[in-house]
Amino acid sequence: MSVTRYHSQLRQSAAERRAETHPLTWRLRDDGARIGLDEYVDKDGYAAVREVLNRQSPDDVIATMKEANVRGRGGAGFSAGMKWSLTMKGPGIPRGYLVCNADEMEPGTFKDRLLLEQQPHLLIEGMILGAYANHSRYGYIFLRGEYVEAARAVQQALDEARGAGWLGDDIAGSGFDFDIALHTGAGRYICGEETALISSLEGKRANPRAKPPFPGQSGAWGKPTVVNNVETFCNAPAVMAHGAKWYQDLSGELSNDGGTKLFGVSGKVERTGLWELPIGTPGRELLERAGGLRDGKALKTWLPGGGSTGFLLPEHLDSALDFDTIGKLGSRLGTGLLTVVNEDQSVLSLVRNLEQFFARESCGWCTPCRDGLPWTVKLLQALERGEGERGDVELLDKLADDLGPGKTFCAHAPGAAMPLASALQYFRDEFERGVTHPPRTAHADPIPVGQI
Amino acid sequence: MNDTARTIASDGFVIEPEDRRAIEHERDHYEQPQAACIEALKIVQRRHGWVPDAAIPAIAEVLGVGPADVEGVATFYSLIFRQPVGRHVILVCDSSSCFLNDYEELRDALSAELGIGFGQTTADGRFTLLPVCCLGACDRGPALMIDDCTYGPVAPGDVADLLEGFA
Amino acid sequence: MATIHVDGQRYDVDGADNLLDACLSLGLDVPYFCWHPAMGSVGACRQCAVKQFKDEDDTRGKLVMSCMTPASDGSWISIDDDEAREFRASVVEWLMINHPHDCPVCEEGGHCHLQDMTVMTGHDRRRYRFRKRTHRNQYLGPFIAHEMNRCITCYRCVRFYRDYAGGTDLGAFGANDNIYFGRHQEGVLESPFAGNLTEVCPTGVFTDQTHSERYTRKWDLQFAPSLCHQCAVGCNISPGERYGDIRRIENRYHGEVNRYFLCDRGRFGYGYVNRDDRPRLPEWRSDRGDERVTLEVDAALDRGADRLRSARRVIGIGSPRASLESNHQLRALVGEGNFSTGIAAAEQRLLARMQTLNRECGLPTPTLRDVEHHDAVLILGEDLIASAARVALAVRQAAQARREALAAERGIPAWNDAAVRTLGQDRYHPVFIAYPTPTELDDIAEAGWTLAPDDIARLGFAVAHEIDPGAPAVDHLDAATREAARDIAARLLAAERPLVISGGSLGSEAIVEAAGNVARALARRARRGSLMLVRREANSTGLTLMGGAPLEWALDELESRRADAVVVLENDLYQRLPGARIESALEAAETVVVLDHQRTATWERAHLGLPAAAFTEADGTLVSLEGRAQRFFQVFDPAYMRPETRIRESWRWLHVLRADVLRHDVGDIALDAVTLDCARHYPDLAAIVDAAPGADYRVRGLKLAREPQRYSGRTAMRAHISVSEPRAPQDPDSAFTFSMEGYNGFDRPREEVAFAWAPGWNSPQAWNKFTDEVGGHLRAGDPGVRLLAPRPGGYRYTDVIPAAHRAAGDAWQVVRLPRLFGGDETSARAAPIQARADAPVVRLAVDDAARLGVSDGQPLRVAGEHGALVLPVRCEARWPAGTIGVPAGIGPWPAGGEAVSLAVAATQANEEGRA
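Bear in mind that the values here come from a model prediction, so they are computed numbers and not experimental data. (Residues numbered from 1 in each chain as written. Chains lettered and ligands numbered in written order. Predicted model: local features only at pLDDT ≥ 70, side-chain atom pairs only at ≥ 80, totals over all residues.)

Chemist: What exactly am I supposed to notice about the overall build of chain B here?
Modeler: In terms of helices and strands, chain B carries seven helices and seven strands. Going residue by residue from the N terminus, the α and β elements of chain B occur as β-β-α-α-α-α-β-α-α-β-β-β-β-α. Projecting the C-alpha coordinates of chain B onto the three principal axes gives extents of approximately 55 × 35 × 25 Å. In chain B, buried positions account for 54% of the 167 residues. The long-range fraction of contacts in chain B, counting pairs at least 24 apart against all pairs at least 6 apart in sequence, stands at 58%. (Helix = DSSP H or I, 4+ residues; strand = E, 2+ residues; numbered from the N terminus. Buried ≥ 20, exposed ≤ 12 C-beta atoms within 10 Å, placed from the backbone. Contact = placed C-beta atoms within 7 Å.)

Chemist: How do you make sense of the overall build of chain A when you look at a structure like this?
Modeler: Across its full length, chain A carries 17 helices and ten strands. Taking 22 Å as the expected radius of gyration for a compact globule of 452 residues, we find that chain A reaches 23 Å, a close match to that expectation. Along the longest, intermediate and shortest principal axes, the C-alpha atoms of chain A span 80 × 60 × 45 Å. Going through the 452 residues of chain A one by one, you find that 61% of them count as buried. Look at the contacts in chain A between residues 6 or more apart in sequence, and 72% of them connect residues 24 or more apart. (Rg over C-alpha atoms; globule rule 2.2 N^0.38 Å.)

Chemist: What is the right way to look at unusual backbone geometry in this model?
Modeler: For residues that are not glycine, phi is negative in most cases, and the peptide bond is trans in most cases. Cis geometry marks the peptide bond from Lys-211 of chain A to Pro-212 of chain A, where omega comes out at -5 degrees. Structurally, Pro-212 of chain A can be placed in the loop between helix H8 (194-201) and strand S4 (225-229). For the bond from Gly-141 of chain B to Pro-142 of chain B, the omega torsion is 0 degrees, close enough to zero to count as cis. Among the secondary structure elements, Pro-142 of chain B is positioned in the loop between strand S5 (127-132) and strand S6 (144-146). Backbone geometry at Asp-44 of chain A places phi at a positive 65 degrees, although glycine is not the residue there. When you line up the elements, Asp-44 of chain A lands in the loop between helix H1 (37-42) and helix H2 (47-55).

Chemist: Sorry if this is basic, but what is going on with the interface of chain C and chain A here?
Modeler: Accessible area lost upon the coming together of the parts serves often as the stated size of an interface. Counting residues at the interface gives 37 residues for chain C, matched by 35 residues for chain A. Mapped onto the side of chain C that touches chain A, the elements with two or more residues apiece are strand S4 (62-65), helix H2 (82-95), strand S7 (171-175) and helix H14 (417-424) of chain C.

Chemist: Where do I start with the interface of chain B and chain A in this structure?
Modeler: Taken together, the 44 residues of chain B in the interface contact 45 residues of chain A. No other element matches helix H5 (residues 96-100) of chain B, which puts four residues into the side of chain B that touches chain A. Across the side of chain B that touches chain A, the residue classes tally to 24 nonpolar, 13 polar and seven charged. (Nonpolar A, V, L, I, M, F, W, Y, C, P; charged D, E, K, R; others polar.)

Chemist: I tried to follow the domain arrangement of chain A on my own but got confused; where do I start?
Modeler: Residues and elements named next belong to chain A. Along its sequence, chain A is organised into domain 1 (14-249), domain 2 (251-342) and domain 3 (347-437). Each of domain 1 and domain 2 was reduced to a C-alpha centroid, and the two centroids are 25 Å apart. Counting residues at the interface gives 22 residues for domain 1 and 22 residues for domain 2. For the side of domain 1 that touches domain 2, the element with the most residues is helix H10 (residues 244-250), which contributes three residues. Counted by class, the side of domain 1 that touches domain 2 contains eight nonpolar, nine polar and five charged residues. (Domains from an automatic or database assignment.)

Chemist: Sorry if this is basic, but what is going on with the sheet that holds strand S2 (residues 9-13) of chain C here?
Modeler: The strands making up a sheet associate through backbone hydrogen bonding, with each pair oriented either parallel or antiparallel. All names here are of chain C. One open sheet accounts for five strands, arranged S2-S1-S5-S3-S4; its pairing is mixed. Each end of this open sheet is capped by a strand with a single partner; those strands are S2 and S4. Sheet twist, expressed as the mean angle between neighbouring strand axes with direction ignored, is 40 degrees. Pairing geometry for strand S1 (residues 2-6) and S2, over five bridges, is antiparallel. If you follow Ala-2 over to S2, its bridge partner there is Val-13. Relative to strand S3 (residues 49-53), H2 is tilted by about 155 degrees, and along the sheet it contacts S3, S4 and strand S5 (75-78). (Pairing = 2+ DSSP bridges. Axes fitted to C-alpha atoms, helices over the stretch in contact; angles between N-to-C directions.)

Chemist: Can you walk me through H8 of chain A in this structure?
Modeler: One full turn of an α-helix is made of 3.6 residues, so residues set three or four places apart face in the same direction. All names here are of chain A. Within H8, eight of the eight residues are buried, which leaves it mostly tucked inside the rest of the structure. Among the residues of H8, those classed as buried are Glu-194, Thr-195, Ala-196, Leu-197, Ile-198, Ser-199, Ser-200 and Leu-201. Taken together, the buried residues of H8 touch strand S1 (97-102), strand S2 (138-143), strand S3 (179-184) and S4. In the segment just after H8, Gly-203 is the residue with positive phi, at about 80 degrees.

Chemist: Mind showing me how you'd approach the sheet that holds S2 of chain A here?
Modeler: Residue and element names in this part refer to chain A. The parallel open sheet is built from four strands, whose spatial order is S3-S2-S1-S4. Every other strand in the sheet has two partners, leaving S3 and S4 as the edge strands with one partner each. Ignoring strand direction, the axes of neighbouring strands in this sheet form an average angle of 20 degrees. Across the sheet, helix H7 (residues 148-163) lies against S2 and S3, angled at about 165 degrees from S3, the strand it touches most.

Chemist: Is there a simple way to explain the environment of Glu-325 of chain C in this structure?
Modeler: All names here are of chain C. Secondary-structure assignment places Glu-325 in helix H9 (residues 324-334). A tally of 31 C-beta atoms within 10 Å means that Glu-325 is categorised as buried. Separated by 34 residues in the primary sequence, Glu-325 and Glu-291 have C-alpha atoms spaced 32 Å apart. With residues up to four places along the chain from it excluded, the contact list for Glu-325 reads Gly-620, Thr-621, Trp-651, Leu-671, Val-674, Thr-675 and Cys-678.

Chemist: Would you mind going over helix H14 (residues 367-384) of chain A with me for this structure?
Modeler: The end-to-end C-alpha separation of H14 of chain A is 25 Å, in line with the 26 Å expected for 18 residues at 1.5 Å each. Of the residues flanking the end of H14 of chain A, it is Gly-386 of chain A, one or two places downstream, whose phi is positive at about 75 degrees. (Expected span 1.5 Å × (residues − 1).)

Chemist: Help me understand the packing of H14 of chain A against H2 of chain C in this model?
Modeler: In the contact formed by H14 of chain A and H2 of chain C, the axes pass within 9 Å of each other and the chain directions differ by 65 degrees. Here H14 of chain A is positioned roughly perpendicular relative to H2 of chain C, judged by the angle of their axes. Between H14 of chain A and H2 of chain C the crossing geometry is left-handed. Residue-level contacts link Thr-367, Pro-368, Asp-371 and Gly-372 of chain A of H14 of chain A to Val-91, Trp-94 and Leu-95 of chain C of H2 of chain C. Grouping the constituent residues of the contact of H14 of chain A with H2 of chain C by class yields four nonpolar, two polar and one charged. (Parallel < 35°, antiparallel > 145°, perpendicular 65-115°, else oblique. Left-handed = near helix turned anticlockwise from the far one by under 90°.)

Chemist: Sorry, what's going on with the nonpolar core here?
Modeler: In a soluble, globular protein the nonpolar side chains are often hidden away together inside. If you look at the biggest cluster of nonpolar residues, it comprises 483 residues, and the most contacted ones within it are Val-99 of chain A, Ile-59 of chain B together with Val-391, Val-395, Val-518 and Val-566 of chain C. By residue number, the principal contributor to this core is helix H17 (residues 509-524) of chain C, which donates ten residues. If near-sequence neighbours (up to four positions away) are discounted, Val-566 of chain C is found in contact with Val-314, Ile-315, Ile-317, Ala-554, Leu-558, Ala-589 and Val-592 of chain C. (Core = buried A, V, L, I, M, F, W, Y, C linked by C-beta atoms within 7 Å.)

Chemist: Could you clarify how one ought to interpret the confidence of the model for chain B in this entry?
Modeler: Note: predicted coordinates in regions of low pLDDT should not be interpreted at a detailed level. Scored by pLDDT, chain B has a mean of 92; 93% of the residues are at 70 or more. Note that residues 1-10 of chain B has pLDDT below 50 and, in this model, 16 contacts with residues that lie over four places away or in other chains. (pLDDT = per-residue confidence, 0-100.)

Chemist: Honestly, the pairing of strand S23 (residues 565-569) of chain C in this entry has me stumped. Any pointers?
Modeler: On any regular strand, side chains alternate: one points to one face of the sheet, the next to the other face. Residue and element names in this part refer to chain C. Of all five residues in S23, five are buried, a share of seventy percent or more. Burial along S23 is two-sided: the face carrying Ala-565, Val-567 and Leu-569 and the face carrying Val-566 and Val-568 are both buried. One ladder, built from four bridges, connects strand S16 (residues 314-317) with S23; its direction is parallel. Across the sheet, Gly-316 pairs through a bridge with Val-567, a residue of S23. Where S23 lies against strand S24 (residues 591-596), five bridges are found, and the strand directions are parallel. Bridging across to S24, Ala-565 finds its partner in Thr-591. A crossover connection joins S23 to the parallel S24 through helix H20 (residues 579-588); in handedness this β-α-β unit is right-handed. (Right-handed = clockwise from strand over helix to strand, strands pointing away.)

Chemist: Hey, could you run me through the packing of helix H15 (residues 392-402) of chain A against helix H16 (residues 412-426) of chain A in this one?
Modeler: Residue and element names in this part refer to chain A. Between H15 and H16, whose axes approach to 9 Å, the crossing angle comes to 140 degrees. Regarding H15 and H16, the two cross each other, and that crossing is left-handed. The segment H15 lies against H16, with Leu-396, Asp-397 and Ala-400 engaging Ala-417, Leu-420, Ala-421 and Leu-424. The class makeup of the residues in the contact of H15 with H16 is six nonpolar, no polar and one charged.

Chemist: Can you walk me through the pairing of strand S31 (residues 812-817) of chain C in this structure?
Modeler: Residues and elements named next belong to chain C. Counting buried positions along S31 yields six of six residues, so the element is predominantly enclosed. Side chains of S31 alternate between two faces, with Trp-812, Val-814 and Arg-816 and Gln-813, Val-815 and Leu-817 buried alike. Sheet topology places S31 next to strand S36 (residues 899-904); two bridges connect them, and they run antiparallel. Looking at the pairing, Gln-813 lines up with Ala-899 of S36.

Chemist: Looking at this structure, how should I read the environment of Asn-236 of chain C?
Modeler: Residue and element names in this part refer to chain C. Within the fold, Asn-236 resides in strand S12 (residues 236-242). A sequence separation of 318 residues divides Asn-236 from Ala-554, and the C-alpha atoms of the two residues are 33 Å apart. The residues contacting Asn-236, other than those within four sequence positions of it, are Pro-225, Leu-227, Arg-252, His-254, Val-257, Asn-258 and Pro-783.

Pasting the structure below:
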């Protein structure tokens, strides 16, 4: 059979990856098999936990993480150390929860899958460090339901770690206790939003929650709760083992952000894939690693980090892929996995596809998202079919604006608005081509409604 | 909660003892029983293929929550099926990367091969076809998932061969 | 206090509020949907967006949801800002995308918050040109109709139903733009507060089904400020009438009593006033064997007066479901020594005892609103849902207020509803309940005990002793009860404001005394506690204050022929004492005059029946269980649409009857004179004249309108009777007109509001225009006057403590259980209540049932000294052994406390004891 089962694969060989430069992936094997406990421990695994839990205070961990400026790899880019410093701890405050967001569902994103399937112990080690820093009592790995292989790998690793005393009471003789349960989801992109994830963890509908209070004050079951992405946690052991300065130096001159990032490319390129590279690596290098576009096509546009980021143009390829630089371009780094669109492909159709996704995945809590996105989709479909009316493109402008940050309950609709707004900006002619007739008058104008 | 071996709801739905134990085991992982709701639905779904109406109050009873709580969750999540499904569920990734890799052709090929659209089940009860969020297989798009396995890339011409392996 | 600046104006507001609440309290219009004054903010609908500026100099600002933003000192905001206006217009446009164009056929139309907000935001044309999503509707029972296509997904329904009222069978289903609010399967909504969905829903998803068959727009209804007569809580209501029938009952805001919510008995139990078989003309027969004839008013009065004049002695039997004024006029007719309250002796003893306790135990009686501010509750012998449902809703809020306290510790404001619930989880202020069965408050209770009445009392006495060792100890107390008592006592003492709730529902004096001892003990330990005692009927408290002999005395007087005539006021005696007893007393009387608005068994025994006005056709004063005297006003003149009727207020009938008996000239009398006379006669009732403004009350020289200014069809509505429109009925009794002429505004404070309307505010949300602040008090003060103030008294602990309940072989102790639906004499005659009521059963402990060899559903015969009844049995896992539970509202017998025998019945006959 010509179709093969999907297996996550890094495009860098073992020879290329070293502990000093590839903190996330240096242990991975070329055959893509899971790194078991023994192999992980052989390769310095859990050394950071042993060291930190016995010799450092939780505040030390937070200080180091802050100094290293490990920014949230789920896409928002918020400093993990800062987040951890805001978690409520102390007398009268119950020990709370540490949750790993492994609900990878961002369109165009396939990075956490690699870490979960092939190196779950790194995640567990990172979570133990996080739990120590945040005084967490218990951890959950919130894994999307479709990641069946990852679930198997994580569960095995949890059992191994518990058996070896890395989870449970008195970890590494430090007196610190912490354990982790695997929680698998049942679909819905919105579960990736940290407060919706908490709702879902509690077995409820995954409606997000208003902030403040932040999860660090009142999260799962009202307890202080820390939610970080898989890749974020996976950075913690190396940061704690080698120090903040080492981490900062990994990206050298490329970026003010420190460390490495799992970058990737998908779309019609020669060699799609994943690479661990210093954060700030420009998009052009990624595209080169991917062998350029398939069939010699020209690049039309690209999304820097998933479906909820704004379109960028070929001219942006030399910019550093880090949170601030991409942010200044009017987009977001997001997950850092590039989606590439070639010259023949319709941005209008791609935007329609994206908005369909966001409309379907809306939790239905707030009005703009629940009712604004489906309208957006219908307008885009009309334009795609050449059935647009005059005013439709302007209406889309307005919708993109109304779905923006601060106007909706959570970041879901702003995430949907970003590709829409940027596509309307850069590829407006594609939209306008769909306008074929004047607006139909539904009724007399003006309607007498009186005054109050 | 009494310890009867089987939980029988008023309209006769039976949660098997093994499933009940599994649900209760899950319940212990969390501060509140409601948290095991999604897992409970999945456990029932594993046995029956889907979650029948009568299972809702039965699960509610095991968890000690209201049936509306369970139904609210069951109807929210896309991987909980509140309609009967085929023996194999095909989840076709319809997100951006697969879309750019001609997902629509794959979808049409599947529809043609099976004679059904999204949300439908073949007459022989073999397959149900559903769209799914980005499967995280973007480097090998277009991708799809059949039962517990993800495949990609799947060319339209591969569809017949691929489906043959599922009885 | 905080100073905020809104569109350049400076205002002082409560800094603990959110901006939306603050703006609405200032009278500024900001549109909203998901926020509700009683339920706080969740930020879902995004309709209340305003612009917030960093400071005075900031000109850019940013949009915020006013409901989710604290009204902190120095806030600068703009409601009028263009961006804010445009965004609000977008929000309502989105909400209207799927909303049908069915306002003309929608029963919410005309009092629809969505309509109001749509007009307020200026959305007047639909740009959405695609298909709307549609839903299927569900059958939700006899009270509520369901139309999901109208839903705008504000989530208020589930928030009220589940979070506020504790219901579990209404949920939000689905996701994205396909969200459905309903039950997991079709069926009756279980919550006894489901009716509030009709007001909580901002549009027409949940509407009043009892109104549906003969529907009238709000603007075409005639209203008056009224009082719910279906229990003793005294909820304020706004009944609406059209064509001589009451069409629906809506909540009337009272800042200290019901505020925004009613129970379903009160809202849907009005149907008895519309019954076709109501007496509408005087009915007469000389002898019981004769056919009844109808009479004109004068003839009826003359014959009645003749008979009463010739009688040796006339007994008057009053009623706890009639107004003070009517009871007073009856007493004036028969004389003080000949007046009975119409309440059975056992109940009257309890009522008197409760009155004494309220005054002398040292703890005050809380208002319903105040109940919500207590932080520990002990409930002895009451299932509040069954006996005073609205109180149960308040107790639920008291328990849930723990979350607000916890949230405050973390700086989370009380209005941030979802955050408060997340932090608080299921942590509640302690509520302890002792009752024979589990109750619907058990889900928030820290502990509940299912005990026989004597054991409930013993638990209470033991708690009192634990609080104050000076209170008498309970002999032979088992260890578990002692432990429980210790725990309850500790929790009550640890509370800032402990509340004791008890009452007469189980007919047990010991329970009431036990509650009194607990209250006294708390008072002696200087706690800011309260004592609430539940009475059964709308005016039980008032009749107790008025005084009079018990019903048995009246029957004795008749039976022994010490009296030969009786006048019965709005009271079906057969509901109170065994039929045989009533029968022989009425048989002995030469003359029986009955005034009622229902064709009761007592009415059927009358020589002269006088058609009395139901509460919707009368004015009068009631005293609620919190000792609040409140006035209810006539909604409509029954003779306007049915000129043939001769319905009069009972007090009016009795006034003219008395004049006729005394051969005085019959001059008419108005309510204020009767109320004043009543107040003068009974020192305890002296304050009732202040319960409401008199008939001479005017606003800007105007009387108050009963009809909205858009009231239509007045010239045509009687055309089938006569083409010439009569003058609108005149109302000598109150300051209200039977007309749209008169004051109906909100800008002049007034206590008595017939219907809430303000320009642009047609829905019940208009109440916010009448209050001093949102959720506060009516600006002119909340209606009514409290009569039961605590006073110094020589309260002493009771030391009569019953022995522990012991199952005694074949002698079963009867426990009568009140029922919300079907357990109240009048509302039980309303068809929707009959449809909603559970089939009556007798309750038995599982083990007892096994011993008797009966199983669920089998008929059981309960036979006592005075009668028997046969009902299917329900075996209860938690039910005190040796007792049998019988439902209230299916005749008076067997009575609570009585010892009865049980036998499995071959077939299910009915209540043999009644005949």
